[in-house]
Amino acid sequence: MDLELHPSVTLQDRAWHILVAPLPILAGALNRHLDLQRFEVLFICGNYSRLLSSLDRRFTSLQVRRAFTVFQLMTVLEECSHSLLIIEHDPLLYQDAQDMVEYVSQAMSAAARESTVLLYSPASDPFLEMMTDYADRVFYFGRGPDAAPRPSAKSCRK
């Protein structure tokens, strides 16, 4: 299942991907791919999610799990049997457990042997930077798509 989320972002089957991009890029990509519902998709978020409220309401087969601690996240990863995992990175999980970043990275690598794993974050942080050493592919987008230019009154000729 190679999935093209964006013209420059293709998720390979059974690989661990990290996507650092503004929220509209991932939300728009998922909303354009409602055919993902044919797969078993698990969305994992931490203490809060920015992405869930941006998803299309027709995305009905998405299963959601929350992990309030690093240990809960690792348990969810170990128990997972879905074909696509979308994990919303929450740096607050690692504030008191900085030494667990490597173990979580290894758990995501292990989950990628059975599933396609996408770790999403709207911005980079030191914990995410440590995880990039273990990921199969990393995508960085500095800013989202530009809005269409609006013509000004001066540019319109009479």
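Residues numbered from 1 in each chain as written. Predicted model: local features only at pLDDT ≥ 70, side-chain atom pairs only at ≥ 80, totals over all residues. Heavy atoms only, no water.

S.K.: What am I meant to see in the side chain of Thr 116 here?
M.R.: In this fold, Thr 116 is placed in strand β7 (residues 116–121). Taking relative accessible area as the criterion, Thr 116 reaches 0% and is therefore assigned buried. Of the polar contacts made by the side chain of Thr 116, one reaches the side chain of Asp 13; its length is 3.4 Å. Only 3.3 Å separates the side chain of Thr 116 from the backbone nitrogen of Arg 14, close enough to count as a polar contact. (Helix = DSSP H or I, 4+ residues; strand = E, 2+ residues; numbered from the N terminus. Buried < 20%, exposed > 50% of the residue type's maximum accessible area, 1.4 Å probe, protein only. Polar contact = N/O pair within 3.5 Å; in protein donor to acceptor, adjacent residues only side chain to side chain.)

S.K.: Whenever I open this one, the packing of aromatic side chains confuses me. Can you help?
M.R.: Each aromatic ring pair is summarised here by two numbers: the centre-to-centre distance and the angle between the ring planes. Scanning the entire structure with this criterion turns up one aromatic pair. Their ring planes at 35° and their centres at 5.6 Å tell us that Tyr 94 and Phe 127 sit as a pair that is tilted. Of this pair, Tyr 94 sits in the loop between β6 (84–88) and α3 (101–111) while Phe 127 sits in helix α4 (residues 126–131), placing them 33 residues apart in sequence. When its relative accessible area of 8% is taken as the criterion, Phe 127 is described as buried. (Phe/Tyr/Trp six-rings, centres within 6.5 Å; stacked < 30°, edge-to-face > 60°.)

That's the geometry; what it means functionally is another story.
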